[in-house]
Amino acid sequence: MENKKTYIEKPREIDIIEEVDVLVVGGGPAGIGAAVGAAKTGAGVMLVEAMGSLGGMWTNGLVITLAGFNSWLRPYRRCVGGVMDEWISMAQAKGGVENNRSWVLSSDPEIMKVTADRLVEKYGIKILLHTWVADAIVENDTVKGIIIENVDGRKAIMANVVIDCTGNGDVMARAGADFAISNELQPMTLPFFFAEVEPAGEIPFEDELCVPLGPAPGYLGKVGLSYSSRRRDIGLDINNPKLAKAYEDGDLPFFGGPWFGGLRKNFPWINTTRVYGSAVNARELTDCEIEARRDAHTIADYYREYCKGFEKSWIMNTSATIGIRETRRLIGEYVMTRDDIVNPTETEDSIALGVWPIDIHPPKGQNGAHDMYVPLPYPIPYRSLIPAKINNLIVAGRCISTEREALGTIRVGATCGATGHAAGVAAALSVQCGCTPREVDVQALRAELRNQNAIIE
């Protein structure tokens, strides 16, 4: 084994800057759901976020196609409400979201950012941006708070309940909770916007884009979404053999899709870069960010030279942070499996619904689209948010307790937001009853979620 040099950090006292009922770590959809849910239930809440704005992948990650709100199967019903519905309804009022029955809801990330600010301010939630979690404060397997790092230095925030909405499970890992991570991780993606594209197709924007499947669940083939692309009007065949040939010839880097979106005619968004590595390894994450940014420009250069309508195009902006699909998964009181998705049954502790397909992007070597299993709406149990052995910690979002195939559907934004909403309400109820989150009365939790317009069954 390699001998590593070490440095012994001197003990020091650090300031406790806040003591709150509920502390939410991570300001993406799960974190916003958790913070607002807790505040609406009567808790004093603080939300900390590592980047300079709220919204997570929906804003900083430029995932503008909001996924997980609607079932893909006829009759295309809405399956996520509550805080997530409040957020997108506020954004819709400013022209920032297409809020309908479509398989994804296109959005404007700048409007989503400012709307997120207004939403958390509306409920009196304290916010700290540019703030990283450095460690968890744990006594006797019970989380008491976290240690943070920001421009003020190293500080502590104490809380009765901490909710890990970091996506990567940073708090749960530092707190000593058991977790799993696959040897093979799904690729990461750096989305970007083109500017000055001249649409070549004749297909207009539709009000709704629904996948013609169902009501029975089943597989959607690799070309299944080509007829439902939000930007078919640009005229680029998203399964064009020419793109596959360009990759084989070395003219294009490895890519997915491509999948297009965006609300503005001449400024399409694209999800296509694919890079491989671990987002919980700083060196690998750095290499992936650099590689994905380089690949984005290579792809844009190719489109400009060879694809009709892109002759004058250029990259307007890439996402501020790379999109991460898979890292740590909590091992909780219940581990959701593929069978829970494919053969859904109601559970007494269902606190949210998932609807996204089992969507696992393939290992390197398979370009373009991939097969997905489209399920019926399925329940997510509260037990999958609760660590098996650590108290006063709830986990929400992408890192809840699932096996890998179940993660392939649970990882999308609206579903993450719904689990966050449930975690926030549960945390507030835990504070009110003086019990641990695992001891919360689940029926009281479900009743309060319904009261806050969540869809849980």
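Keep in mind that this is a model prediction, so the values were computed, not measured.

## Quick notes on the overall build of the protein chain
Along the backbone of the protein chain there are 10 helices and 19 strands. For 457 residues, the compact-globule estimate of 2.2 N^0.38 gives 23 Å, and the protein chain sits close to it at 22 Å. Principal axes of the C-alpha set define a box for the protein chain whose edges measure 60 × 55 × 40 Å. Relative to its 457 residues, the protein chain shows a buried fraction of 58%. Of all intrachain contacts in the protein chain linking residues separated by at least 6 positions in sequence, the fraction that spans at least 24 positions is 75%. By element, 49% of the accessible surface of the protein chain is carried by carbon and sulfur atoms, the whole surface being about 18,500 Å². Of note, the protein chain has its 46 positive side-chain charges centred 3 Å away from the centre of its 58 negative side-chain charges.

## What to know about the state of the cysteines
Counting across every chain of the model gives 1 disulfide. Two residues, Cys433 and Cys435, share a disulfide whose sulfurs are 2.1 Å apart. Between Cys433 and Cys435 the sulfur-sulfur dihedral comes to about -45°; the bridge is accordingly left-handed. You can see Cys79 has no disulfide; the closest cysteine sulfur is in Cys210, sitting 13 Å from it. Judged by its relative accessible area of 1%, Cys79 falls in the buried class.

## Observations concerning the pattern of salt bridges
Summed over the entire model, instances satisfying the criterion amount to 23 salt bridges. With its nearest N and O atoms 3.1 Å apart, the salt bridge here joins Asp170 to Arg328. Linking Asp170 in helix α4 (residues 170-175) with Arg328 in the loop between β14 (314-318) and β15 (329-330), this pair joins segments that are 158 residues apart in sequence. In this structure Arg328 comes out as buried when scored by relative accessible area, which is 12%. Between Asp359 and Arg411 there is a salt bridge, with the nearest N and O atoms lying 3.1 Å from each other.

## Thoughts on the sheet that holds strand β13 (residues 269-273)
Spatially, β12-β13-β10-β14 is the arrangement adopted by the 4 strands of the open sheet, whose pairing is antiparallel. Either end of the sheet is taken by a strand with one partner, and the two such strands are β12 (255-261) and β14. Sheet twist, expressed as the mean angle between neighbouring strand axes with direction ignored, is 30°.

## A few points about unusual backbone geometry
Residue Arg74 is joined to Pro75 through a cis peptide bond whose omega torsion reads 15°. Mapped onto the elements, Pro75 comes out in the loop between β3 (65-67) and α2 (82-93). Note that the residue after Gly257, namely Pro258, is joined by a cis bond; omega there is 0°. One can find Pro258 in strand β12.

## Considerations on the packing of aromatic side chains
Applying the stated criterion to the full structure yields 13 aromatic pairs. Ring plane angle 65° and centroid distance 5.2 Å describe the contact between Phe192 and Phe194, whose orientation is recorded as edge-to-face. Summarising the burial analysis for this pair, Phe192 and Phe194 share the class buried. Judged by centre distance (5.7 Å) and plane angle (70°), the ring pair of Tyr247 and Phe254 falls under edge-to-face. By the ring-pair criterion, three or more aromatic residues cluster together here, those being Phe192, Phe194, Tyr303 and Phe310. Cation over ring: Arg328 sits above Phe179, and NZ or CZ is 5.5 Å from the ring centre.

## Re the packing of α2 against helix α9 (residues 413-433)
Between α2 and α9, the least distance of the axes is 7 Å, while the angle of their chain directions is 125°. If you check the angle between α2 and α9, you find them oblique. For the pair formed by α2 and α9, the contact residues are Gly82, Val83 and Met84 on the first element and Ala414, Gly417, Ala418 and His421 on the second. Taken together, the residues of the contact of α2 with α9 sort by class into 4 nonpolar, 3 polar and no charged.

## With respect to the nonpolar core
One finds Leu23, Ile163 and Ile394 to be the most contacted residues of the largest nonpolar core, which totals 89 residues. Contacts of Leu23, omitting those with residues within four sequence positions, involve Met46, Val48, Ile146, Ile157, Ala159, Val161, Val162 and Ile163. Counting residues in each nonpolar core, the second largest holds 18 residues, with Leu243, Phe260, Ile270 and Tyr302 among its members.

The rules we used
Residues numbered from 1 in each chain as written. Predicted model: local features only at pLDDT ≥ 70, side-chain atom pairs only at ≥ 80, totals over all residues. Heavy atoms only, no water. Helix = DSSP H or I, 4+ residues; strand = E, 2+ residues; numbered from the N terminus. Rg over C-alpha atoms; globule rule 2.2 N^0.38 Å. Buried < 20%, exposed > 50% of the residue type's maximum accessible area, 1.4 Å probe, protein only. Contact = heavy atoms within 4.5 Å. Areas by Shrake-Rupley, 256 points an atom, 1.4 Å probe, with all protein chains shown as cover. Lys, Arg positive; Asp, Glu negative; His and termini not counted. Charge placed at Lys NZ, Arg CZ, Asp CG, Glu CD. Disulfide = S-S within 2.5 Å. Salt bridge = Lys/Arg side-chain N within 4 Å of Asp/Glu carboxyl O. Pairing = 2+ DSSP bridges. Axes fitted to C-alpha atoms, helices over the stretch in contact; angles between N-to-C directions. Phe/Tyr/Trp six-rings, centres within 6.5 Å; stacked < 30°, edge-to-face > 60°. Lys NZ or Arg CZ within 6 Å of the ring centre and 35° of its normal. Parallel < 35°, antiparallel > 145°, perpendicular 65-115°, else oblique. Nonpolar A, V, L, I, M, F, W, Y, C, P; charged D, E, K, R; others polar. Core = buried A, V, L, I, M, F, W, Y, C linked by side-chain atoms within 4.5 Å.

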